[in-house]
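Residues per chain are reported as follows:
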Amino acid sequence: STVLVTGANGYIAAWIVHTLLEKGYRVRGTVRTQDKGRALQKIFERFETKFEFVVVPDITKDGAFDEAVQDVDAIAHTASPVNLTTVDPQDLIRPAVGGTESILRSASQAGSKVRRIVYTSSVAAVLEVDPKPRTFTEENWNNQSVTQIERDGKNNLPITKYRASKTLAERAAWKFVEDNKAIIEWDLVVMNPPLVIGPITHDVSTPSELGLSAGYFYSMIVDHSDAGGNTPEELRSAGGCWIDVRDFAEAQVLALQKDNVANERVIVCAGPFVWQEWLDVANSLTPTYLPSHPNLPKGVPITGSDPEIVYQVQYDTSKADRLLGIKYRSKEDLIKDTFADYEARGW
Ligand code: NDP
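Procedures and definitions
Residues numbered from 1 in each chain as written. Predicted model: local features only at pLDDT ≥ 70, side-chain atom pairs only at ≥ 80, totals over all residues. Helix = DSSP H or I, 4+ residues; strand = E, 2+ residues; numbered from the N terminus. Buried ≥ 20, exposed ≤ 12 C-beta atoms within 10 Å, placed from the backbone. Contact = placed C-beta atoms within 7 Å. Near = placed C-beta within 6 Å. Nonpolar A, V, L, I, M, F, W, Y, C, P; charged D, E, K, R; others polar. Domains from an automatic or database assignment. Axes fitted to C-alpha atoms, helices over the stretch in contact; angles between N-to-C directions. Parallel < 35°, antiparallel > 145°, perpendicular 65-115°, else oblique. Left-handed = near helix turned anticlockwise from the far one by under 90°.

Caption draft 1: Geometry of the environment of D341. On the secondary structure map, D341 appears in helix α11 (residues 331-344). On the basis of neighbour counts, which here come to 16 C-beta atoms within 10 Å, the residue D341 falls in the partly exposed class. Contact partners of D341, with chain neighbours within four places excluded, come to P199 and I200.

What follows is the structure, given as C-alpha cells:
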C-alpha cells in the first residue's frame, strides 16, 4: 500500500520514509520545493519508483493536499515548524494548526482511500512546567503554554511558543475527528515523542544544517568543548526524555498497521536522561567510535547510583508498550551509530 509522508525531507520524516520503503511500502513524500524533492529522490534512489514526491508550497492553503492524498491508503503527517527563533508565535501556530486541518480535510474528500492518519504531535502537547518532578500520561494536556501565549504573545520563551503550536495543532486534529466523525472513513493515531535523536538520513552536509533536536545533541556532545556552555551542575540537572529516531520511525509504522491504536494518543519514549549520562556514554565509546573527536566534553562523570540525579519530567509509557510493543534502543546503541554516522560524514 501507499503512504503519504508530509514534510518528507525533515529529520524524522526521512527516517519514516526510509523505514516504510524498507518494509515494502510505496511512499509519496510532500516537500516545499522541487530541489528538496530531488534531494530526497537521490537518497531513496535504490527504491526506484517506490518513492515519489509532490511539491506542496503552502500547507495551510485550503485544498493544499487534495492532489497529494489521491490514491494513498494512509498518511504520516509530520510537517510543522520546529525552531526556537520565531518571534511571533502565530508564525508557528498557523502552519502547525493550518497544516494539520488542511491534510485532514483533504483526506476526507469524497472518494478518498485514506484509512489511517498518524499525526506526529509531541510531548510538548502533554507536559506542563512544574517545580516538582512529575510523571505525565496521555491524560495530561499542556494547557499552560497555550494560556501563556494567549496572555503574553511574543514575550514568551521560544520553547513556550513551540509547545503552544504543538498543543493547538493536536487539539485541532482531535476536534476535526469529533466534528466530522459521521463522514470520515479514516481513524487518527497521535504519537507524542520526547526529544528525538540518533543518526541522520536526510539531506544535510554540515552539523549547522541539522534541525533542532539532532543539532542540539551534536552541540552538547561533540561540538563545544564545554558541552553547550553548561556547568557541571547543569549537566546533572538539565535533561528530558528521549527516543532514538529509528525506533520512532518503527513506532510510526506500527501505528499505521495496528487496529488497536485507532483514535488513541500514544506517548513513545525510551526513558529520561540528564545530559551528563549522555556524556558518560559518549566518553566511554570514543575514540573508538569517533576517532576524529578524541576530546569530548566530560563534565563530572556520574558514579554508582548518584542521589543528586533527579529526573524532573518522566512519562508513563505503558500505553505504548501495551498497544505497540516498541523495542527501544539503548543509549550505547544510539551513540555508537550516531558517532559512526558523524564519522562517515567527516564531521
Ligand atoms: P525538521 O525541522 O527536521 O522537519 C520539519 C519538516 O516540516 C520539514 O520538512 C519542513 O520543511 C516542514 N515544515 C516546517 N515548517 C513548515 C511550514 N511552515 N510549512 C510547511 N512545512 C514546514 O523537524 P523534525 O524532523 O525534528 O520534526 C518533525 C515533526 O516531529 C514535527 O511535527 C515536530 O514538531 C515533531 N517532533 C519533533 C521532535 C524532535 O525532537 N525532533 C520531538 C517531538 C515532536 P522545510 O524543510 O521546507 O522547512
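Caption draft 2: Focus on the site of the ligand. Close to the ligand lie 25 residues, the nearest being G7, G10, P95, G211 and S213. At the level of elements, α1 (11-22), α3 (90-107), β8 (195-197) and α6 (212-223) are the ones that each hand at least two residues to the shell around the ligand. No other element matches α1, which puts three residues into the shell around the ligand. Along the lines of polarity and charge, the residues of the shell around the ligand split into 12 nonpolar, 10 polar and three charged. Here the shell around the ligand spans two domains, since at least three of its residues come from each of domain 1 (2-196 + 243-269 + 315-327) and domain 2 (197-242 + 270-314 + 328-347).

Caption draft 3: Up close: the packing of helix α9 (residues 275-285) against α11. The contact between α9 and α11 brings their axes to 10 Å, and the two run at 60 degrees. Classified by the interaxial angle, the pair formed by α9 and α11 is oblique. As α9 runs across α11, the sense of the crossing is right-handed. Only K331, E332, I335, K336 and F339 of α11 make contact with α9, whose side of the interface consists of E277, W278, V281, A282 and L285.

Caption draft 4: Representation of the domain arrangement of the protein chain within the structure. Partitioning the protein chain into structural domains gives domain 1 (2-196 + 243-269 + 315-327) and domain 2 (197-242 + 270-314 + 328-347). In this structure, domain 1 and domain 2 have C-alpha centres spaced 25 Å apart. Contact residues are listed per partner, giving 30 residues for domain 1 and 23 residues for domain 2. Those elements giving two or more residues to the side of domain 1 that touches domain 2 turn out to be α1, α2 (34-43), β6 (134-136), β8, β9 (239-244) and α8 (245-257).

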